[in-house]
Amino acid sequence: ILMANPNIVSVSSIKGESIGEALTTTVTTVIMTVASDKLVKINYIQVANDSGTAATDVTVAITKADFTSDGVASGDDNAGVAFLASTISCPADDVLIVLDKPIYLMEGDNLEAGANPATADLFISYEVIDDA
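Worth saying up front: this structure is predicted, and the values here are computed from it rather than measured.

(A) Up close: the overall build of the chain. Helices and strands together make up the secondary structure of the chain, namely 0 helices and 9 strands. When its helices and strands are written in sequence order, the chain yields β-β-β-β-β-β-β-β-β. By sequence separation, contacts in the chain at least 24 residues apart represent 87% of the contacts at least 6 residues apart. Looking at the chain as shown, the accessible area adds up to about 6800 Å², and 53% of this sits on carbon and sulfur atoms.

This is the structure we're talking about:
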């Protein structure tokens, strides 16, 4: 199913939000799914390792929903998995900055993450852009 690419010129609202979540060892755990008629601008993602003794391997990925692009030629991959971090080691009592430049997630896209061992917390700062 092809998703629409929301027009951010005529939005009805932009809401700043943030979430935090304890990561599990399942690296494909869905942290957020972008709702219909929404665009999410992720500004920042960090992972903090709460363990005082052990490093943890962190994975953060975007699973793209198939969408119709206004700027990418047909035949390009508008669906699939894009890793922002893949089994990156985060030392004990440390922070891993996964993203500090904005990216957009379109409706139907999933942000997934996990850590092994499960001693880490994920924090995301983002904006929800509504074109409905």
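(B) Local environment of the pattern of salt bridges. One pass over the structure, following the stated rule, counts 2 salt bridges. Across the salt bridge formed by Asp109 and Lys64, the nearest N and O atoms sit 2.7 Å from each other. Residue Asp109 is found in the loop between β7 (103-106) and β8 (110-116), and its partner Lys64 is found in strand β4 (residues 56-64); the two are separated by 45 residues along the sequence. A residue is classified by how much of its surface remains accessible, and Asp109, at 0% relative accessible area, is buried.

(C) Just a negative patch on the surface, in detail. A cluster of acidic residues, Asp50, Asp93, Asp94 and Asp121, forms a negative patch at the surface. By the element assignment, Asp94 lies in the loop between β5 (80-90) and β6 (95-99).

(D) Seen up close, the sheet that holds β8. The strand order across the open sheet built from 4 strands is β2-β8-β4-β5, with neighbouring strands paired in antiparallel fashion. Across the chains shown, the open sheet's two edge strands, defined by having one partner strand only, are β2 (29-33) and β5. Recorded for the sheet is a direction-independent mean angle of 20° between the axes of neighbouring strands. As paired strands, β4 and β8 are joined by 7 bridges and run antiparallel to one another. Within β8, the position partnered with Thr59 by the bridge is Gly114.

(E) View of the nonpolar core. Ile42, Leu111, Leu122 and Ile124 are the most contacted members of the largest nonpolar core, which totals 25 residues. For this core, the secondary structure elements donating two or more residues are β2, β3 (38-49), β4, β5, β6, β8 and β9 (120-130). If we ignore the near neighbours within four places in the chain, the residues touching Leu122 are Ile19, Gly20, Glu21, Leu23, Ile31, Ile45, Gln46, Val47, Val60 and Ala113.

Conventions we followed
- Residues numbered from 1 in each chain as written.
- Predicted model: local features only at pLDDT ≥ 70, side-chain atom pairs only at ≥ 80, totals over all residues.
- Heavy atoms only, no water.
- Helix = DSSP H or I, 4+ residues; strand = E, 2+ residues; numbered from the N terminus.
- Contact = heavy atoms within 4.5 Å.
- Areas by Shrake-Rupley, 256 points an atom, 1.4 Å probe, with all protein chains shown as cover.
- Salt bridge = Lys/Arg side-chain N within 4 Å of Asp/Glu carboxyl O.
- Buried < 20%, exposed > 50% of the residue type's maximum accessible area, 1.4 Å probe, protein only.
- Patch = residues over 30% accessible without salt bridge, like charges linked within 9 Å, V, L, I, M, F, W, Y side chains within 5 Å.
- Lys, Arg positive; Asp, Glu negative; His and termini not counted.
- Charge placed at Lys NZ, Arg CZ, Asp CG, Glu CD.
- Pairing = 2+ DSSP bridges.
- Axes fitted to C-alpha atoms, helices over the stretch in contact; angles between N-to-C directions.
- Core = buried A, V, L, I, M, F, W, Y, C linked by side-chain atoms within 4.5 Å.

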